[in-house]
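Now for the letters of each chain:
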Amino acid sequence: MHLYGTGRVNDLGHLEIGGVDTIELTKQYGTPLYVYDIALVRERARGFKKTFEELGIAAQVAYASKAFSSIAMIQVAEQEGLSLDVVSGGELYTAIKANFPTDRIHFHGNNKSEEELHMALDYQIGCIVVDNLSELELLEEICAKREQKMSILLRVTPGIEAHTHDYILTGQEDSKFGFDLMNGQAELALRQALKSNWIEVLGLHCHIGSQIFQTTGFLLAAQKIIGQLRNWQAAFDYQPTVLNLGGGFGIRYTAEDEPLPASQYVEEIVREVQAQIADSDLTMPEIWIEPGRSLVGDAGVTLYQVGSEKEVPEVRKYLAVDGGMSDNIRPALYEAKYDAVLANRPLDPVEETVAIAGKCCESGDMLIWDLPLPKSGRGDVLAVFCTGAYGYSMANNYNRIPRPAVVFVENGEARLVIKRETYEDLVRLDLALHEVVDCK
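Reading the values: the criteria
Residues numbered from 1 in each chain as written. Predicted model: local features only at pLDDT ≥ 70, side-chain atom pairs only at ≥ 80, totals over all residues. Heavy atoms only, no water. Core = buried A, V, L, I, M, F, W, Y, C linked by side-chain atoms within 4.5 Å. Buried < 20%, exposed > 50% of the residue type's maximum accessible area, 1.4 Å probe, protein only. Contact = heavy atoms within 4.5 Å. Axes fitted to C-alpha atoms, helices over the stretch in contact; angles between N-to-C directions. Helix = DSSP H or I, 4+ residues; strand = E, 2+ residues; numbered from the N terminus. Parallel < 35°, antiparallel > 145°, perpendicular 65-115°, else oblique. Nonpolar A, V, L, I, M, F, W, Y, C, P; charged D, E, K, R; others polar. Salt bridge = Lys/Arg side-chain N within 4 Å of Asp/Glu carboxyl O. Pairing = 2+ DSSP bridges. Left-handed = near helix turned anticlockwise from the far one by under 90°. Phe/Tyr/Trp six-rings, centres within 6.5 Å; stacked < 30°, edge-to-face > 60°.

1. Focus on the nonpolar core
The tendency in soluble globular proteins is for nonpolar side chains to be buried as a group. Counting 126 residues, the largest nonpolar core has Tyr63, Phe68, Ile128, Ile152, Val296, Ile356 and Leu382 as the members making the most contacts within it. Residues contacting Ile128, with those up to four places away along its chain left out, are Phe107, Lys112, Leu117, Ala120, Glu135, Leu139, Met150, Ser151, Ile152 and Leu153. If you look at the next biggest cluster of nonpolar residues, it comprises six residues, including Val129, Leu153, Leu202 and Val242.

Here you go:
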């Protein structure tokens with residue numbers, strides 16, 4: 001059993017997180033239940049920031065809030081002095097409701113609407129990460145009409161393929177994201193942006209993928225980008241003030257995963273950028289990174305109650321839990337793997353290997369295929385580790401299943417930060433067949 005952060009087995013033989021008994025949490029808040037170890041989130045955030053500080057590098061560590069966005073989570077990010085990435089009007093609105101400093105908000109996305117761009121300008125956010133020429137033209141038009149300036153980063157694809165699942169590869173040439181660095185698109189965008197009276201090009205951004213366990217891809221991306229910046233410095237006298245190398249730093253989901261310490265990712269990236277800059281006429285830019293999963297992923301645990309079981313002779317035993325792809329779609333979406341224990345008796349000896357099935361009406365709703373457990377059955381509580389990233393944020397109401405509650409635990413205290421959805425919540429926006437509605 002691999003425990004994360006403040007996780008331990010307490011005197012009652014139960015899994016405890018943040019000094020709080022998980023079984024007591026299920027009694028108070030029900031299941032399924034997302035539980036976040038906030039001390040671990042803070043440790044991860046401080047680790048990234050500390051490394052930059054020790055290296056003497058001007059930097060921003062921006063929490064990629066798509067991993068898990070809620071008012072309370074964004075308030076934790078603000079307490080830790082992080083910046084914030086948002087990718088939609090909804091994520092920006094959440095940040096505003098959390099009173100996050102807008103000058104530290106970066107707006108991403110490949111298809112920002114006109115309404116979203118106006119919203120970003122209304123709140124005077126720190127920068128917009130421009131993804132394509134049509135967005136650049138739209139932003140220029142809006143800024144000119146409003147007579148308002150905006151800082152931007154140009155997102156580029158440097159042609160680097162990270163060793164990860166194809167669905168989450170984003171740095172290669174054939175991608176829906178960004179300006180290709182090698183075919184002239186990025187240079188065209190830079191030329192156009194530099195002509196604007198309303199847009200300030202802070203620098204470049206790239207993101208090569210997710211759940212990455214080596215630094216090689218980041219280093220190659222830095223080499224390619226700075227090589228192109230050398231050309232642009234000579235051609236346009238352009239000096240970037242920011243180089244954003246994205247996120248995607250891997251975490252441990254199972255024993256198969258061997259992530260690097262956060263400090264190693266940062267140190268190697270910084271050293272490579274310094275080496276490339278030293279061999280040019282460029283000045284050292286501020287370095288930005290965007291950890292999301294690596295801040296909150298292994299800080300999250302989902303608690304389920306075991307329900308029915310099914311034995312297929314000489315094949316496998318299924319244990320069904322009271323959640324599934326409605327609260328964790330990643331196994332069904334791209335075969336993500338997880339580890340789990342019985343929270344009510346994690347130290348009991350292993351007696352069987354079971355498949356953990358969700359309750360959704362889909363054959364693919366399987367959370368874990370081969371999980372060693374003690375003899376288990378109805379009423380046991382299963383704790384699935386490392387669900388802090390893309391669990392709640394990708395949760396859905398398939399089969400009209402309400403989304404779970406979210407609890408933060410820290411220093412022996414539990415705080416409910418997202419309420420459990422009710423059946424009434426599920427139909428709140430529904431309209432009867434003949435109901436007359438004022439659409440204004």
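2. Observations regarding the packing of helix H6 (residues 133-146) against helix H7 (residues 185-194)
Across the interface, H6 lies against H7 with an axial gap of 10 Å and an inter-helix angle of 5°. As far as their axial angle goes, H7 and H6 are roughly parallel. Counting all contacts with H6, which are made through Leu133, Leu136 and Glu137, the residues of H7 involved are Leu188, Ala189, Gln192 and Ala193. Looking at the contact of H6 with H7 residue by residue, the classes come out as five nonpolar, one polar and one charged.

3. Here we look at the pattern of salt bridges
Applying the stated criterion to the full structure yields 21 salt bridges. Arg191 is the partner of Glu187 in a salt bridge, and the nearest nitrogen-oxygen pair spans 3.3 Å. One end of the pair is Glu187 and the other is Arg191, both in helix H7 and four residues apart, which spans about a single turn. Judged by its relative accessible area of 41%, Arg191 is partly exposed. We note a salt bridge from Arg403 to Glu421, for which the minimum N-O separation is 2.7 Å. Here the residue Arg403 occupies a position in the loop between strand E19 (381-385) and strand E20 (405-410), and Glu421 occupies one in the loop between strand E21 (413-418) and helix H12 (423-427), the gap between them amounting to 18 residues. Connected through shared salt-bridge partners, Arg42, Arg46, Glu80 and Glu410 make up one network.

4. As for unusual backbone geometry
Cis geometry marks the peptide bond from Thr31 to Pro32; its omega dihedral reads -10°. Inspection of the secondary structure puts Pro32 in the loop between helix H1 (22-29) and strand E4 (33-37). The phi dihedral of Glu335 falls on the positive side, at around 60°, and the residue is not glycine. Of note, Glu335 is situated in the loop between helix H11 (330-334) and strand E16 (340-342). Of note in this structure, Tyr390 is not a glycine but carries a positive phi near 65°. With respect to the helices and strands, Tyr390 occurs in the loop between E19 and E20.

5. A closer look at the pairing of strand E14 (residues 300-312)
Of the strand pairs in this sheet, E4 and E14 are connected by four bridges, and their pairing is antiparallel. Among the inter-strand pairings, Val35 is bridged to a residue of E14, identified as Val301. Bridge count for E14 against E19 is five bridges, and the pairing is antiparallel. Looking at the pairing, Leu303 lines up with Ala383 of E19. Bridge count between E14 and strand E15 (residues 316-321): five bridges; the pairing is antiparallel. In the sheet register, Val306 faces E15, and the bridge partner there is Val321.

6. Quick notes on the sheet that holds strand E3 (residues 20-21)
In space, the three strands of this open sheet follow the order E1-E2-E3, with antiparallel pairing throughout. Edge positions in the open sheet fall to strand E1 (8-9) and E3, since each of these has one partner strand only. Of the pairings in the sheet, the one linking E1 to strand E2 (residues 15-17) comprises two bridges and is antiparallel in character. What sits directly across from Val9, in E2, is Leu15.

7. Description of the packing of helix H2 (residues 38-55) against helix H9 (residues 262-278)
A pair of packed helices is captured by two measures, namely the crossing angle of their axes and the spacing between those axes. Across the interface, H2 lies against H9 with an axial gap of 9 Å and an inter-helix angle of 40°. As for the relative orientation of H2 and H9, their crossing is right-handed in sense. Counting all contacts with H2, which are made through Phe48, Thr51, Phe52 and Leu55, the residues of H9 involved are Ala262, Ser263, Val266, Glu267, Val270 and Arg271. When its residues are assigned to classes, the contact of H2 with H9 shows six nonpolar, two polar and two charged.

8. A closer look at the environment of Val417
For Val417, the location among the structural elements is in strand E21. The spatial distance from the C-alpha of Val417 to the C-alpha of Gly19 is 17 Å, given a sequence separation of 398 residues. If we ignore the near neighbours within four places in the chain, the residues touching Val417 are Ala72, Val406, Val407 and Phe408.

9. Quick notes on the packing of aromatic side chains
This model, assessed by the stated rule, comprises 11 aromatic pairs. Both rings, one in Tyr36 and one in Phe408, keep their centres 5.7 Å apart while their planes meet at 65°; by these two values the pair is edge-to-face. Of this pair, Tyr36 sits in strand E4 while Phe408 sits in strand E20, placing them 372 residues apart in sequence. Its relative accessible area of 1% is what places Tyr36 among the buried residues. Taking relative accessible area as the criterion, Phe408 reaches 8% and is therefore assigned buried. An aromatic cluster is built from Tyr34, Tyr36, Phe68, Tyr392 and Phe408, whose rings are joined through pairwise contacts.

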